[in-house]
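What follows is the residue order along each chain.
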Amino acid sequence: MYEYLVDIKNNLIELNIFKSVKIGFEKGIGSKDAPFARIVPEFNRKEGLYETLAFQVVYGFDVKNKDLELLYKKYYETEEAIKKALEYKNNCFFIETITDEDKLMNLKSAIMRFEIRNIRR
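Residues numbered from 1 in each chain as written. Predicted model: local features only at pLDDT ≥ 70, side-chain atom pairs only at ≥ 80, totals over all residues. Heavy atoms only, no water.

## Quick notes on helix α2 (residues 68-89)
Consideration 1: Between its first and last C-alpha atoms α2 spans 31 Å; for 22 residues at 1.5 Å apiece the expected length is 32 Å, and the two agree.
Consideration 2: Every buried residue of α2 is listed here: Leu71, Tyr75, Thr78, Glu79, Ile82, Lys83, Ala85 and Leu86.
Consideration 3: On the buried face of α2, the contacting elements are α1 (2-14), β3 (50-62), β4 (92-99) and β5 (107-120).
Consideration 4: Downstream of α2 by a residue or two, Asn91 has a phi angle that is positive, lying close to 55°. (Helix = DSSP H or I, 4+ residues; strand = E, 2+ residues; numbered from the N terminus. Expected span 1.5 Å × (residues − 1). Buried < 20%, exposed > 50% of the residue type's maximum accessible area, 1.4 Å probe, protein only. Contact = heavy atoms within 4.5 Å.)

As structure tokens, this is what we get:
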């Protein structure tokens, strides 16, 4: 399954939006890392001969000294770019986006949930 996460990481890097893209969400992420994207596995589920890999893409932008209207515009443009890249290149199914409710200081972030279904192992 790890190879799927690496492919997702590479596709996010190709968007040329993020300063840092990593697998996993490290403690202490902040403005110095923004804009960032993190790929976080949620679960693997066996379904007969196939498996489903569920994962999150957490992305965020620095909000310090930013025009909030422009920030939200970029926020939603980034969401669309991620959806298109992963649905097209990785056959991912978009589930939902959960906004952060400003839980990370000086960052505007979101969690996008995806699944890759029917993985033959």
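Resuming the write-up.
## Quick word on the environment of Phe61
Consideration 1: Residue position: Phe61 is located in strand β3.
Consideration 2: The contact partners of Phe61, leaving out residues within four places of it in the chain, are Ile17, Ala34, Pro35, Leu71, Lys74, Tyr75, Thr78, Asn106, Leu107 and Lys108.

## Comments concerning the environment of Asp67
Consideration 1: Tracing the sequence through the fold places Asp67 in the loop between β3 and α2.
Consideration 2: Spatially, the C-alpha atom of Asp67 lies 22 Å from that of Ile111, the residues being 44 residues apart in sequence.

## Details of the sheet that holds strand β2 (residues 36-47)
Consideration 1: The strand order across the open sheet built from five strands is β1-β2-β3-β5-β4, with neighbouring strands paired in mixed fashion. Edge positions in the sheet fall to β1 (20-23) and β4, since each has one partner strand and no second. Each adjacent strand pair in this sheet contributes to an overall mean axis angle of 20°, direction not counted.
Consideration 2: As paired elements, β3 and β5 share 12 bridges and run antiparallel to each other. The residue bridging Glu51 from the neighbouring strand is Ile119, located in β5.
Consideration 3: Sheet contacts for α2: β3, β4 and β5; angle to β3, the most-contacted strand, approximately 155°. (Pairing = 2+ DSSP bridges. Axes fitted to C-alpha atoms, helices over the stretch in contact; angles between N-to-C directions.)

## A short note on the pattern of salt bridges
Consideration 1: Considering all chains together, one arrives at nine salt bridges under this definition.
Consideration 2: With a closest N to O distance of 2.8 Å, Arg45 and Glu47 form a salt bridge.
Consideration 3: With a relative accessible area of 35%, Arg45 lands in the partly exposed category.
Consideration 4: Glu47 sits in the partly exposed class, given a relative accessible area of 34%. (Salt bridge = Lys/Arg side-chain N within 4 Å of Asp/Glu carboxyl O.)

## A short note on unusual backbone geometry
As a rule of thumb, non-glycine residues mostly have phi less than zero, and peptide bonds are mostly trans rather than cis.
Consideration 1: A cis amide bond links Ala34 with the next residue in sequence, Pro35, at an omega value of -5°.
Consideration 2: Tracing the backbone through its elements, the reader meets Pro35 in the loop between β1 and β2.
Consideration 3: In this structure, Asn16 is a non-glycine residue whose phi angle is positive, near 55°.
Consideration 4: With respect to the helices and strands, the residue Asn16 is situated in the loop between α1 and β1.
Consideration 5: With a phi close to 60°, Asn118 is a non-glycine residue in the positive phi region.
Consideration 6: A relative accessible area of 54% means that Asn118 is categorised as exposed.

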